Structures are given as structure tokens and as C-alpha cells.
Amino acid sequence: MNSFYLESLGCAKNLVDSERYASILHRAGLEAAEYPEEADLVLVNTCSFLVDSLRELDLVLSDLAQLKREERIEQLVVTGCVMNRGQKEFRELYPEVDAWIGLKDFAALEAWLGLAQQANHERVGIQGGYHRYLRISDGCANNCSYCTIPSIRGPLRSIDMDVLVREAEALARDEDYPPCELVVIAQDTANYGLDIYGRKALPELLERLHAIPQYKWIRVLYIHPDHFDLEWLELWKTLPKLLPYFEIPIQHSEDHLLTAMNRQKGRLELEKMFNAILSEIPGSVLRTTLISGFPGETKEDALALQDFVKRVPFLHLGVFNYSAEEGTPAAEMIGQVSAKTSTRRRDRLLEQQEERTARRLESYVGKTVDVLIEDLADDEEDGGYQGRAWFQAPEIDGLTYVQGQDLEAGKIYRVQIDDVIGVDLFGRVVAE
Ligand code: SF4
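S.K.: What should I look at first to understand the site of the ligand in this one?
M.R.: Looking at the ligand, the residues that line it are Cys-140, Asn-142, Asn-143, Cys-144, Tyr-146, Cys-147, Ile-149, Pro-150, Gln-187 and His-224. The residue inventory of the shell around the ligand, partitioned by class, reads 6 nonpolar, 4 polar and no charged.

S.K.: Looking at this structure, how should I read the sheet that holds strand E9 (residues 181-185)?
M.R.: Backbone hydrogen bonds hold the strands of a sheet together, and the pairing may be parallel or antiparallel. Pairing within the open sheet is parallel, and its 3 strands lie in the order E6-E9-E10. Each of the sheet's edge strands pairs with one partner strand only, and the pair in question is strand E6 (131-135) and strand E10 (217-220). Recorded for the sheet is a direction-independent mean angle of 25 degrees between the axes of neighbouring strands. As paired elements, E9 and E10 share 4 bridges and run parallel to each other. Within E10, the residue paired with Glu-181 across the bridge is Trp-217.

S.K.: Teacher, can you tell me more about empty space enclosed by the protein here?
M.R.: Rolling a probe over the atoms, with the probe sized like a water molecule, indicates the empty space that remains. One pass over the structure, following the stated rule, counts 3 cavities of 30 Å³ or more. Computed from the structure, the largest cavity encloses a volume of approximately 100 Å³. Taken together, Leu-15, Glu-19, Gly-125, Ile-126, Gln-127, Gly-128, Gly-129, His-131, Arg-132, Tyr-133, Asp-174 and Tyr-177 make up the lining of the largest cavity. Looking at the lining of the largest cavity, the elements that each hand over two or more residues are helix H1 (12-27) and E6. If one sorts the elements of the lining of the largest cavity by residue count, E6 sits on top with 3 residues. Broken down by class, the residue content of the lining of the largest cavity amounts to 4 nonpolar, 5 polar and 3 charged.

S.K.: In this structure, what is going on with the pattern of salt bridges? I would like to understand it.
M.R.: Between side chains of opposite charge, a pair can form when the charged atoms approach closely. Counting across every chain of the model gives 34 salt bridges. Between Asp-347 and Arg-346 there is a salt bridge whose closest N-O contact spans 3.0 Å. Assessed through its relative accessible area of 29%, Asp-347 is described here as partly exposed. On the basis of relative accessibility, which here comes to 23%, the residue Arg-346 falls in the partly exposed class. Arg-414 serves as the salt-bridge partner of Asp-370, at 2.7 Å between the closest nitrogen and oxygen. Taken together, the residues span a long stretch of sequence, with Asp-370 in strand E14 (residues 368-376) and Arg-414 in strand E17 (residues 412-421) at a distance of 44 residues.

S.K.: Just checking my understanding: could you explain helix H8 (residues 202-210) for this structure?
M.R.: Helical geometry note: an α-helix holds 3.6 residues per turn, so side chains three or four residues apart project in the same direction. Buried within H8 are the following residues: Leu-202, Pro-203, Leu-205, Leu-206, Leu-209 and His-210. All buried residues of H8 lie within an arc of 160 degrees about the axis, which places them on one face of the element. Residues of H8 that are buried sit in contact with E6, helix H6 (161-172), E9, E10 and helix H9 (233-238).

S.K.: When you look at unusual backbone geometry in this model, what are you seeing that I'm missing?
M.R.: The phi angle of most residues is negative, glycine excepted, and most peptide bonds adopt the trans form. At Tyr-222, a position not held by glycine, the phi torsion is positive, near 55 degrees. Position of Tyr-222 among the secondary structure elements: in the loop between E10 and H9.

S.K.: Sorry, what's going on with the pairing of strand E3 (residues 41-46) here?
M.R.: A regular strand places its side chains on the two faces of the sheet in alternate fashion. With respect to burial, E3 is a largely interior element, 6 of its 6 residues being buried. For strand E1 (residues 3-8) and E3, the ladder comprises 5 bridges, and the chain directions are parallel. In the sheet register, Tyr-5 faces E3, and the bridge partner there is Val-42. In terms of strand pairing, E3 meets strand E4 (residues 75-80) through 6 bridges, oriented parallel. Opposite Leu-43, over in E4, you have Val-77 as the bridge partner.

Definitions and limits used
- Residues numbered from 1 in each chain as written.
- Predicted model: local features only at pLDDT ≥ 70, side-chain atom pairs only at ≥ 80, totals over all residues.
- Heavy atoms only, no water.
- Near = heavy atom within 4 Å.
- Nonpolar A, V, L, I, M, F, W, Y, C, P; charged D, E, K, R; others polar.
- Pairing = 2+ DSSP bridges.
- Helix = DSSP H or I, 4+ residues; strand = E, 2+ residues; numbered from the N terminus.
- Axes fitted to C-alpha atoms, helices over the stretch in contact; angles between N-to-C directions.
- 1 Å grid on protein atoms, 1.4 Å probe; cavity = no way out; pocket = protein on both sides within 12 Å on 5 of 7 lines; lining within 4 Å.
- Points joined across faces, edges and corners; volume = space filled by probe spheres on them.
- Salt bridge = Lys/Arg side-chain N within 4 Å of Asp/Glu carboxyl O.
- Buried < 20%, exposed > 50% of the residue type's maximum accessible area, 1.4 Å probe, protein only.
- Arc of directions from axis to C-beta.
- Contact = heavy atoms within 4.5 Å.

Below, the structure is given as C-alpha cells:
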């Protein structure tokens, strides 16, 4: 075997594990292939927290099993979240799989490859781009009533701060794609440290990460509203590299539904929190995520949620249909909402937000903003380069296309915004 292909499904937190699997496969002397059919070994790092994720996995594995049956690949390895939710069913469906490796069981992959085992596993970037994710904890202790993640990834386990700082420093030494942006992630970043330090330690960690010179931007995602302290805003005032980008998933605005979801902060507290952020940090941007069609959601609740989203100026919004996941308390709740109604309500929220996001992005036209250039633009017409403005998170918020001469990827430039199309911005460099 000379080459491998790594299929990293699911979220950025899973991508962190995939980068460790990649470093082990490289240590086994394998080169990364661009496509599965060009590889000898294919490793699939799976996601299984929703029925839809399992459906996606089924499609991926059926294609790969076909390649295996046609002997176009030699080995097929499966790992990740399916090992803790769905393994039995997928083992029966896919006898073509050569190895089923436990979630994050790096030692098992090393043993299967005949490698000596290592205590720590470095990460190899597999996606390109000048941003890297730092997962500061795994698992979750919040037990939202609709969520399977605690049953898949276990309770909250924060990673020691010194270990995280060393990991961030190691990522910064990447020669192929020296990262400019560090994206701090977890299931709940606001609860970081509670289990190992007996207190929430996100502010301390951010101060230490901020001191790493290579990173010009630090972005925090997955901030649980119940655990975000408004005093922390002082940090955003004093640490210039900490982006005033607040991704705070609230899931809903109505008190009785938030209670049924096992979430604490109610409508008034949520609105107060968002208003405090906007008044304390003028120019900051908000992103949130909502669930449409949660059991017990009435037409009035859906309208009230639309009203809430109108009142709080989110720049970015994600809305997902509620999915009744086996084994969750919410799946047993009365008042299940039909998929048709859930979809209708979701689409209404997204339509309403589309217009609001467009108007907010329009407000940047004529202004100069910081943009991280990450690549040449796919289409020359879009301008020579593509990147992201500071208020555009990787993979979820649209891109900025930039006209300029000899720009360097991985660098931040001052860009005058000339136009907006959908969630993408267009502009030209005015200064480095
Ligand atoms: S905070 Fe997120 S990961 Fe944790 S239980 Fe709730 S939805 Fe799931």
C-alpha cells in the first residue's frame, strides 16, 4: 500500500481527529491521494449524530464498498462517531470494511497498521486554507433533550491549557499552509475548563492563545448562551486579535420550548445578552442556529421566533429541522410537528434572514474591511483572489472576492468593498 484517502465527514471537531488519523497514515509511509479511487487505503471518519448523517454515511460507504468489490481500493477503514451510534447496523451492511476503529482510538489504527504506538498524535492539515481549528474539549455535559452527542462523545472533557497552547503553536509551524486564523471549537466552548479546573477558563485560554504571534485572528465558535459571561466582553475589548464575531447557538427563543430542550436562558435573557454584546462591542457580528419544528412548537411560537430574529440583528443564521433522534428524550415528547410544517417554518425564517443578511452586508459597501486571502479565485471574473472578511467564518459564511496584484495567500489585506451578491462580497485591495 502506498497511498490513502481520508473522508472526513461531519463537523470541524471531527476534522481535528481526521488530521490525527492523517498523521498516523503518513507515519505508515502512505501518501495522501486526491480521490478515493486513486488510493490503496480509504479511511472514513464518520458522523452519526443525526439520522441524516447516517444516511449520508450509507451513501459514502456504498460507493466505497463498490470500489473495494471492484478491487480498485485495497483496504477500507471506518472510524469516528458511528462506532458509538450505528456500528452494529453498518457492520452488517458493509462486510467489505477491513477495520472498524473505535472513536479516536489512534492506538488501534497504529496497531492495525503495525506501527509503534505514540502517546501524542500530531495533526496534518488535510483541507488547505490559512485557518486551523483548535478543539479545546470533547463531549458535552449539557444534555439538550434533542441531542445525541453526549451519548456518542461522552461527558465534557476539557483539554489541559498547556497542551492546547503547545498544539496551537505546533499548528502555527505548518510550512505548507502557515495559519493566520485560529478557530476555537468544542461542543460548548463557554464551558471550557469546568471539569478540570472547577471553573470556566475560556478567558485565560484565549489570553494565552492571543500571545502566539503567528495568529492574526482568533475566532470562537459554539458559545453556549447559558455559559457565556458578559464580563468576558472585556477580553474582546482588550485583545485586538480576538474577532468580535459571536457564534452563539440559541436553538429557539420561546421559554417553554427552551425548557423542554433542557436549556436555561429564556427569551428576555437571550435578547439582553445579544444587546449587551452589541452595545459593549459596537460593530460586532452575531451568528446563531435555530431548530424549527421542535415538539410542542405552535404556530404562535414559530411567529414569536420570527419576531425574535427580527429584533436581534444577526448577520448570519442557520436553521435546521428538528430531527427525532432515537434515544433522546425529545423523541418521546408529545406534540411532534410534521416535517412539512417544520420545513415551512424553517424556510420562512431563512427567507426573512436572507433579506436581512443582504442588507447588513450592503452596509459594508464603500467601507474598508480586513480580508484574509486564502486562494486564487476559481473564476477570474470574480476578481483574482478569494478570501474571507473578518466577519465570515470558514465554510459557513460566504466568501470575499478581491481584485489586487500579486497578493499573498495567508495574508490579511485592507479591502474596499464595492459589491455584495448573496452572502459573497466583492472588493479591491487598498492596503496591506
Ligand atoms: S450543547 Fe450542543 S452538543 Fe451539547 S447537548 Fe446541547 S446541542 Fe448537544
